[in-house]
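Working through the structure, step by step
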Amino acid sequence: MLRNVSRNIVRSFSTMSDRSNFREIEIPVPWGKIAGKSWGDENGKPWLGLHGWLDNSGSLDLLAKDWPEGHHLVAIDFPGHGFSSHLPDGAMYHYLESSVTIERIRRHFNWDKLSLVGHSMGGGLSACYTGLFPEKVDTLIMIDLVKPVCRPVEKLVSKTRECVEQQLGIEERFRDNLHGKVYKSWEEAFQRLKDGAFTPDNSQEAIQIIAERGIQKTSDGQGWTFSRDMRHRVTSLYGFHEEYFAQLANNISSNHLLIKASESPHYESDETIEKILDVYRNNPKFQYSVVEGNHHLHLNNPERVMPVILDFLKTSNEETKSSL
């Protein structure tokens, strides 16, 4: 199902003033902790929120504050982002291993099943987990990523070699500080974040939200740096082949909403994107909605995104009840 959603949707949403209505959480893991935020009734329907590359759990703030009653949303800082621990020295971050992290969190909370909402990278990670464990996922919502970018066979050698060289290069260059460059002031770090990670059409509020967990004082208190692990900039060691991800996508049987920003690229050819959409469409519970906005539309224009999510959840719930 394809739906186009414009700016003309009118719905009443809460203001930025109640964005503080959350609980900080910490989940113990073997290398430290996974930090995050929690909203809603802890006994409600469980949701796990996953942010995009180099963002953090603040990415879900403006959607979380209007999340439906009776639901419990936990948004994490993915390892090496925000307030979460970096992986140990010498370790690497891998796309597929994210499913281990998601499963750790499910087991930590003793959730029989969970629902997933992810932006960009977080959407791709959520899709991979859902394809691996379809019986454990009730609803999957992906925001502005149709699929993880796959690696053609002809690029296997060059990209894998590039990863090895990048990983060791970053270890050597940032041996004592994998947070990267140190800035003299918070304002200087904020400006670098604004210039480097966001396009000019993003709101100041959106950048500020990511900066809250994305910029931190150095351990000696003499400067400011980004909280993310520089190793996240390394090209992935393992690259999905297109057919591999198609197998995962074909295994997704949950309620599945894909929201695509109208002003954001696909990152792969139209032919490749259409192929995977055809796979998703094999699932009768799949809906594809195009919403006006850029890549961070959920932060810049949550009033356009949230109605699509709420309508989808309402429809999915009604269809589930009618099938009983």
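Quick look at the structure, then. Note that the structure is predicted; figures quoted are calculated from it, not measured.

Quick look at the pairing of strand S4 (residues 45-50) now. The element S4 is largely enclosed, with a buried count of five among its six residues. With five bridges connecting them, S4 and strand S5 (residues 71-76) associate as parallel partners. When the bridges of S5 are listed, Lys 45 appears paired with His 71. Sheet analysis places S4 next to strand S6 (residues 114-119), joined by four bridges and oriented parallel. By the bridge assignment for S6, Leu 50 is matched with Gly 118.

Before going further, it helps to spend a moment on the packing of aromatic side chains. In total, this model carries nine aromatic pairs according to the counting rule given. Between Phe 109 and Trp 111, the aromatic rings sit 4.6 Å apart at their centres with planes inclined by 10°, giving stacked as the arrangement. For Phe 109, a relative accessible area of 25% corresponds to the partly exposed category. The rings of Tyr 95, Phe 240 and Phe 245 are connected pair by pair, giving a single aromatic cluster. Lying over the aromatic face of Phe 22, Lys 37 brings its terminal NZ or CZ to 4.3 Å of the ring centre.

On to the packing of helix H7 (residues 242-250) against helix H8 (residues 270-280). Where H7 meets H8, the closest approach of the two axes is 9 Å, and the angle between their N-to-C directions is 25°. The orientation of H7 with respect to H8, classified from their angle, is roughly parallel. H8 is crossed by H7, and the crossing has right-handed handedness. Contacts from Glu 242, Phe 245, Ala 246, Ala 249 and Asn 250 of H7 reach H8 at Thr 272, Lys 275, Ile 276, Val 279 and Tyr 280.

Counting residues in hydrophobic clusters, the biggest one holds 38 residues, and the most contacted among them are Leu 48, Ile 76, Leu 116, Phe 245, Leu 258, Leu 277 and Tyr 280. Ile 76 has contacts with Ile 34, Ala 35, Gly 36, Leu 48, Gly 49, Leu 50, His 51, Asn 56, Ser 57 and Ile 105, leaving out every residue within four places of it along the chain. Leu 63, Leu 257, Val 291 and Val 305 belong to the second-largest nonpolar core, a separate cluster that totals 22 residues.

Turning our eyes to something else, we now look at helix H5 (residues 186-197). Between the first and last C-alpha of H5 there are 16 Å, a value that for twelve residues agrees with the 16 Å anticipated at 1.5 Å per step. Buried within H5 we find Ala 189, Phe 190 and Leu 193. Axial view of H5: buried residues confined to an arc of 100°, hence all on one face. Along H5, the residues that are exposed and aim more than 90 degrees away from the buried face are Glu 187, Asp 195 and Gly 196.

A word on the environment of Gly 90. Structurally, Gly 90 can be placed in the loop between S5 and helix H2 (98-109). Looking at Gly 90, the relative accessible area reads 52%, which means it is exposed. It is 9.8 Å that separates the C-alpha atoms of Gly 90 and Arg 231, two residues lying 141 residues apart in sequence. Setting aside its immediate chain neighbours within four residues, Gly 90 contacts Gln 167, Glu 171 and Arg 231.

This part takes up unusual backbone geometry. Positive phi outside glycine occurs at Ser 120, with the angle close to 55°. For Ser 120, a relative accessible area of 12% corresponds to the buried category. Of note in this structure, Asp 144 is not a glycine but carries a positive phi near 55°. As for its position among the elements, Asp 144 is in the loop between strand S7 (137-143) and helix H4 (156-173). We classify Asp 144 as buried; its relative accessible area is 1%.

Before going further, it helps to examine the state of the cysteines. Working definition: the covalent bond between the sulfur atoms of two cysteines is a disulfide. All told, the structure shown has zero disulfides when counted by the stated rule. Sulfur of Cys 128: no disulfide; nearest cysteine sulfur belongs to Cys 150 and is 8.8 Å away. Classification of Cys 128 by relative accessible area gives buried; the value is 0%. Residue classification places Cys 150 among the buried residues on the basis of a relative accessible area of 11%.

Here the focus is H8. When we look at burial in H8, the residues that qualify are Thr 272, Ile 273, Ile 276, Leu 277, Val 279 and Tyr 280. Across the axial projection of H8, the buried residues extend over an arc of 155°, all falling on one side. Across from the buried face of H8, at angles greater than 90 degrees, the exposed residues are Asp 270 and Glu 271. Contacts made by the buried residues of H8 are with S7, H7, strand S10 (255-261) and strand S11 (286-291).

The next point concerns the side chain of His 51. With respect to the element layout, His 51 can be found in the loop between S4 and helix H1 (61-64). Overall, His 51 belongs to the buried group, its relative accessible area being 1%. Separated by 2.9 Å, the side chain of His 51 and the backbone nitrogen of Phe 78 make a polar contact. Ignoring sequence-local partners within four residues, the contact set of His 51 consists of Asn 56, Ser 57, Ser 59, Ile 76, Asp 77, Phe 78, His 81, His 119, Met 121 and Gly 122.

Thresholds, definitions, all that
- Residues numbered from 1 in each chain as written.
- Predicted model: local features only at pLDDT ≥ 70, side-chain atom pairs only at ≥ 80, totals over all residues.
- Heavy atoms only, no water.
- Buried < 20%, exposed > 50% of the residue type's maximum accessible area, 1.4 Å probe, protein only.
- Helix = DSSP H or I, 4+ residues; strand = E, 2+ residues; numbered from the N terminus.
- Pairing = 2+ DSSP bridges.
- Phe/Tyr/Trp six-rings, centres within 6.5 Å; stacked < 30°, edge-to-face > 60°.
- Lys NZ or Arg CZ within 6 Å of the ring centre and 35° of its normal.
- Axes fitted to C-alpha atoms, helices over the stretch in contact; angles between N-to-C directions.
- Parallel < 35°, antiparallel > 145°, perpendicular 65-115°, else oblique.
- Left-handed = near helix turned anticlockwise from the far one by under 90°.
- Contact = heavy atoms within 4.5 Å.
- Core = buried A, V, L, I, M, F, W, Y, C linked by side-chain atoms within 4.5 Å.
- Expected span 1.5 Å × (residues − 1).
- Arc of directions from axis to C-beta.
- Disulfide = S-S within 2.5 Å.
- Polar contact = N/O pair within 3.5 Å; in protein donor to acceptor, adjacent residues only side chain to side chain.

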